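# Structural description and commentary
Each chain, letter by letter, is given below.
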Amino acid sequence: MSFHSINYCLALLLGCLSVCVVVSQTQYKRLEYKYSFKGPYIVLKDNSVPFWDVGGNAIASDDQIRLAPSLKARKGYMWSKNAVNFDWWEVEMSMRVSGSGRVGGDGLGFWYTTERMQEGDAFGGPTTWHGLGVFFDSFDNDGKMNNPYVYVILNDGDKVFDHDADGNVQQLGGCLRDYRNKPFPIKVKVEYYRNVLTVLMSNGLTADEVPELCLRAENVYLPRNAYFGLSAATGGLADDHDVLSFVTNSVHDQSQERSQQISQMERQKLESQFRDYNDKLEVQRQEYLKQHPEKAQQQQTLQQQQAGTAGQFENPQDRALRQIFDGQQFIHLAIQQLHKRIDEIIGRQERTLSAVSSITSGQVTVGQPVAGTNAKPVFRSTGPFSEMSLSSLSDIPTATAAATAGPDPTIRGRFHHPDATGTPDGFA
């Protein structure tokens, strides 16, 4: 490849990247909660799903919707109650298809049609429809050994779904993906923006996997004010068809967002209408209180109680300052306790050093036992140690020798007094 060819390819690649950046910067997405559901709280107390209708053999629980259980000849479906009121959209769905057999059946369908709540042979959905159908076909009806297979069919209401042939001649396109019995849920993303339909899908082998492209078709024109739907069916073979989440986002252009912003004059008009409404509401409230004095008394009492308790609560700034002061006071008290303990330790060290110095200097005396008692002789000292009991008179020479021998060589350098050569009194 020549140098000019390489430059041409690089320029073309940079141009495509710049176009992609521009496109991504000129659109924004908004969550549409009325067309979405997600665990762990999908159902209400009456087992209904907000903004959705569930029918057939579908079972709704807190964390998933089981469209069709792993029993033979079962069909289930669910449809949004509200029609879609935006042109471009994106749906991110998480699903799981699992069964005990090597081959499963029958499949699951994703719908965007003008009619709703119709049951049929197209994976639990209608066999004729006006709109879009994305099908996850698990069973090989046509015998071509190409299932599980994911494909798209567009219908204007005149076509009848050919279930026995897996809709071969009716397909817009598809991809061969094995989505059964995977360790993690399958992530499916269906996007319709500027008449371009894109289907992406993961393989369910990892938890954080990014969906890969399955189908992209241009010049796709879907009807407006249609409904989202899901369905599943089983035949002679049965799988559990579970949908864990269904999140819908509307896709808008930045130019469309700017066109939807109200002007300053219209904003002032709306604010004026809001103030007039508040004034009328206040007048009506005062008239009501005049007609019902007991309500006025209750309101006045409530206001007084609120005013009395207003000072009992501190604002965040005061609470933060109080916490800082409390922390400083706690640290100050801890330092005081630490100083006190250090002073006690220093005092004990000084008394110990004084006692050792007194013993090594020979300032010790031996007391006499009290007459008529069995008390032991007492070894007295003029230092901090006032007295020491001796076990017997035989210990006195040992104590005398220790006193005359001088201090322990291990502490001679610190506690020895050169003039301490005397002997205890009474043993000269």
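In this report, the structure presented in the accompanying data block is examined.

### A few points about the overall build of the protein chain
When its secondary structure is counted, the protein chain shows seven helices and 19 strands. Carbon and sulfur atoms provide 54% of the accessible area of the protein chain, an area that totals close to 26600 Å².

### Topic: the state of the cysteines
One pass over the structure, following the stated rule, counts one disulfide. Here Cys175 connects covalently by a disulfide to Cys214, the sulfurs 1.9 Å from one another. Judged by the sign of its S-S torsion, about -100°, the bond between Cys175 and Cys214 is left-handed. On the criterion of sequence distance, the pair formed by Cys175 in strand β11 (residues 173–176) and Cys214 in strand β14 (residues 212–217) is long-range, its members being 39 residues apart.

### Focus on the sheet that holds strand β3 (residues 52–56)
Strands sit in the order β3-β6-β15-β8-β9-β10-β11 across an open sheet of seven strands; the sheet is antiparallel. The two strands at the open ends of the sheet, each matched to only one other strand, are β3 and β11. Pairs of neighbouring strands in the sheet enclose a mean axial angle of 15°, with direction left out of account. Relative to β11, strand β10 (residues 149–156) runs antiparallel, the two sharing four bridges. Looking across to β11, one finds that Val152 is bridged to Gly173.

### As for the side chain of Glu209
Looking at where Glu209 falls in the secondary structure, it is placed in the loop between β13 (196–201) and β14. For the buried residue Glu209, which engages in no salt bridge, the nearest side chain bearing the opposite charge is Arg177, 7.0 Å off. A polar contact is formed between the side chain of Glu209 and the side chain of Asn203, at a distance of 3.1 Å. From its side chain, Glu209 meets the backbone nitrogen of Gly204 in a polar contact 3.2 Å long.

### Section: the packing of aromatic side chains
Working definition: an aromatic ring pair is given by the centre-to-centre distance plus the angle between the planes. The full count for this structure, using the stated rule, is 26 aromatic pairs. Between the aromatic rings of Trp89 and Tyr112, the centroid separation amounts to 5.1 Å while the plane-to-plane angle is 40°, which identifies the pairing as tilted. Of this pair, Trp89 sits in strand β7 (residues 88–98) while Tyr112 sits in strand β8 (residues 107–113); the two residues are 23 residues apart in sequence, bridging distant segments of the chain. On the accessibility criterion, Trp89 (0% relative accessible area) is buried. Look at Tyr112 and Phe228: their rings are 5.3 Å apart centre to centre, the planes differ by 50°, and that puts the pair in the tilted class. Of this pair, Tyr112 sits in strand β8 while Phe228 sits in strand β15 (residues 227–233), and the two are 116 residues apart along the sequence.

### Details of the pattern of salt bridges
Applying the stated rule across the entire model yields 15 salt bridges. Between Arg322 and Asp326 there is a salt bridge, and its shortest N-O distance comes to 3.4 Å. Linking Arg322 with Asp326, this pair stays in helix α5 (residues 316–360), spanning four residues, or about one helical turn. Here Asp326 falls in the partly exposed class, since its relative accessible area comes to 38%. A cluster of three or more residues bridged by salt bridges with shared partners is formed by Lys29, Glu90 and Lys189.

### Here's the deal with a nonpolar patch on the surface
A cluster of nonpolar residues, Leu321, Ile324 and Phe325, forms a patch on the protein surface that exposes about 300 Å² of accessible area. Tracing the backbone shows Leu321 in helix α5. Overall, Leu321 belongs to the partly exposed group, its relative accessible area being 45%.

### Examining the environment of Tyr221
By secondary structure assignment, the location of Tyr221 is in the loop between β14 and β15. In sequence terms Tyr221 and Leu132 are 89 residues apart; their C-alpha atoms lie 9.6 Å from each other. Other than its neighbours up to four places away in sequence, Tyr221 contacts Tyr192 and Asn195.

### Notes on the side chain of Ser80
Its place among the elements puts Ser80 in strand β6 (residues 75–80). A distance of 3.3 Å separates a polar side-chain atom of Ser80 from the backbone oxygen of Asn82. With residues up to four places along the chain from it excluded, the contact list for Ser80 reads Tyr35, Phe51, Trp52, Arg116, Tyr227 and Phe228.

### Notes on unusual backbone geometry
Each neighbour pair has its own omega, and for Gly105 with Asp106 the value is 0°, a cis peptide bond. As for its placement among the helices and strands, Asp106 is situated in the loop between β7 and β8. Omega for the bond connecting Asn147 with Pro148 falls within 30 degrees of zero, at 0°, which places this linkage in the cis form. Secondary-structure assignment places Pro148 in the loop between β9 (130–137) and β10. A positive phi angle is found at Arg194, which is not glycine, with a value near 55°.

### Examining the environment of Phe135
Checked against the element boundaries, Phe135 lands in strand β9. Accessibility expressed as a relative area gives 0% for Phe135, which makes it buried. Linking Phe135 and Ala122, residues 13 residues apart in sequence, is a C-alpha distance of 8.7 Å. Among all residues touching Phe135, those that are not within four sequence positions of it are Leu108, Gly109, Trp111, Phe123, Trp129, Tyr149, Val150, Tyr151, Ile153 and Phe161.

### Topic: the pairing of β9
The element β9 is extensively covered by neighbouring structure, given that seven of its eight residues are classed as buried. In the sheet, β8 pairs with β9 via seven bridges, with the strands oriented antiparallel. Bridging from a neighbouring strand, Gly109 pairs with Phe135 of β9. Sheet analysis places β9 next to β10, joined by eight bridges and oriented antiparallel. Bridge assignment links Phe135 to a residue of β10, and that residue is Tyr151.

Calculation criteria
- The residue numbering used here restarts from 1 in each chain and proceeds along that chain's sequence as written.
- In keeping with the predicted nature of the model, local features appear solely for residues at pLDDT of at least 70, side-chain atom pairs appear and are counted solely at 80 or more, and the whole-chain, interface and lining totals rest on all residues.
- Only hydrogens and water are removed before side-chain values are computed, so all heavy atoms of the structure are retained for them.
- Numbering of helices and strands starts at the N terminus; helices are DSSP runs of H or I of at least 4 residues and strands are runs of E of at least 2.
- Where accessible areas are quoted, they stem from the Shrake-Rupley method and a 1.4 Å probe; at the residue level, only the protein chains shown are allowed to cover.
- The disulfide criterion is simple: two cysteine sulfur atoms within 2.5 Å.
- Two strands are said to pair when DSSP picks up at least two bridges between them.
- Every axis in this analysis is a line fitted to C-alpha atoms, fitted for helices over the stretch in contact. Angles between the N-to-C directions lie between 0 and 180 degrees.
- Buried, partly exposed and exposed residues are distinguished by accessible area as a fraction of the type maximum, computed with a 1.4 Å probe on protein chains only: under 20%, between the cut-offs, and over 50%, respectively.
- None of His or the chain ends enter the tally, which takes Lys and Arg as positive and Asp and Glu as negative.
- A pair is scored as a salt bridge if a Lys or Arg side-chain nitrogen falls within 4 Å of a carboxyl oxygen belonging to Asp or Glu.
- Nitrogen and oxygen atoms within 3.5 Å of one another constitute a polar contact, given that in protein one can donate a hydrogen and the other can accept it, and given that sequence-neighbouring residues count only through two side-chain atoms.
- What counts as a ring pair is set by centres within 6.5 Å for rings of Phe, Tyr and Trp (its six-membered ring), and what kind of pair is set by the plane angle: stacked under 30 degrees, edge-to-face over 60, tilted for all other angles.
- The patches described consist of residues with a relative accessible area above 30% and no salt bridge, like charges being joined within 9 Å and nonpolar side chains (Val, Leu, Ile, Met, Phe, Trp, Tyr) within 5 Å.
- By the convention used here, residues are in contact when the closest approach between their heavy atoms is within 4.5 Å.

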